[in-house]
Amino acid sequence: MKRAVRLLDAGRSRPLPALALALTLVAGGFAAWAGQDWYRAAHDEQAAYATQRDAALSAGEQAVQNLNTLDHRELKRGLDLWESSTTGELHEQLASGRDEFAAQVKEAKTVSTARVLSGAVTELDDRAGRARVLVALRVTVKAADGAKSDKDSRMLGELTRTDGRWKLSALGQAPVGGTSTG
C-alpha cells in the first residue's frame, strides 16, 4: 500500500519551484529592459546638451543678479562676488575700475537688490563653451534717505565656460521693442 501512495505522489507537480523559476525569469527580463533603458538615457547626447543648457541658464541668471546687487555697507563682499561671477574682458573692466566704483557707491550710500523674474538661453555652443542668455529682472535701489525705486530691465549676457563653470563674459541692456540694436 505504501508503494501505491508513492506512485500517486510522484505524479503531482510541485508549484513552488515552478513559480520561483517563473518569477526569476520575469525579474531578469525586467532588469535587462531597465538596464538597457538606463544605459540609453545615460548616453543620450540630447540629455547632455539639456544639462549644459540648464547649467548655463542657472549660472547666467545668478551672475546677472550678482552684478545688479550691491550694498554700500558690504562693498568688498559684493565686488568680490562680481569678480567671481565674470571672466574675460568684463572681468578685467570690473577689476580695473573697482576702486573708483567703490568710492562712488560709498559716497552715494545706496543698496541695490536684484531679483530674477525669468531667463532663457538664446544660444548655446557646448563644444566652444559659449552661451548667451536673456534675463528679465527687477532691481530695487534704496537711497541713503530711505527712498526706494524699482526698475524692471532685460539684460543680454554672454557666458564662457571656464574651468568647467559658466561665467559672464559680457553684459548689456536688451533692446526694448522697436529700439535699434545699432
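The structure under discussion appears in the preceding block.
None of these values were measured; they are calculated from a predicted model. (Residues numbered from 1 in each chain as written. Predicted model: local features only at pLDDT ≥ 70, side-chain atom pairs only at ≥ 80, totals over all residues. Heavy atoms only, no water.)

Some points on unusual backbone geometry
1) Next: The backbone phi angle of K109 is positive, close to 55 degrees, even though this residue is not glycine.
2) Next: The residue K109 is located in the loop between α6 (98–108) and β2 (111–125) in this model.
3) Next: Non-glycine residue D163 carries a positive phi angle of around 50 degrees.
4) Next: With relative accessibility at 79%, the residue D163 sits in the exposed group. (Helix = DSSP H or I, 4+ residues; strand = E, 2+ residues; numbered from the N terminus. Buried < 20%, exposed > 50% of the residue type's maximum accessible area, 1.4 Å probe, protein only.)

A few points about the pairing of strand β5 (residues 165–173)
1) Next: Sheet analysis places strand β4 (residues 148–162) next to β5, joined by eight bridges and oriented antiparallel. Its bridge partner being in β5, L159 is matched across the sheet by L168.
2) Next: From the end of β4 to the start of β5, which pair antiparallel, there are two residues, and D163 there has a positive phi angle of about 50 degrees. (Pairing = 2+ DSSP bridges.)

A closer look at the nonpolar core
1) Next: Counting 23 residues, the largest nonpolar core has L137, L159 and L168 as the members making the most contacts within it.
2) Next: When contributions to this core are tallied by element, the ones reaching two or more residues are α3 (45–67), α4 (75–84), α5 (88–96), α6, β2, β3 (130–142), β4 and β5.
3) Next: Here this core gets five residues from one element, more than from any other, and that element is β3.
4) Next: Look past the residues within four positions of L137 in its chain and what remains in contact with it is V64, N68, A114, R115, V116, L117, K151, D152, S153 and M155. (Core = buried A, V, L, I, M, F, W, Y, C linked by side-chain atoms within 4.5 Å. Contact = heavy atoms within 4.5 Å.)

Don't take any of this as a statement about function, it's just geometry.
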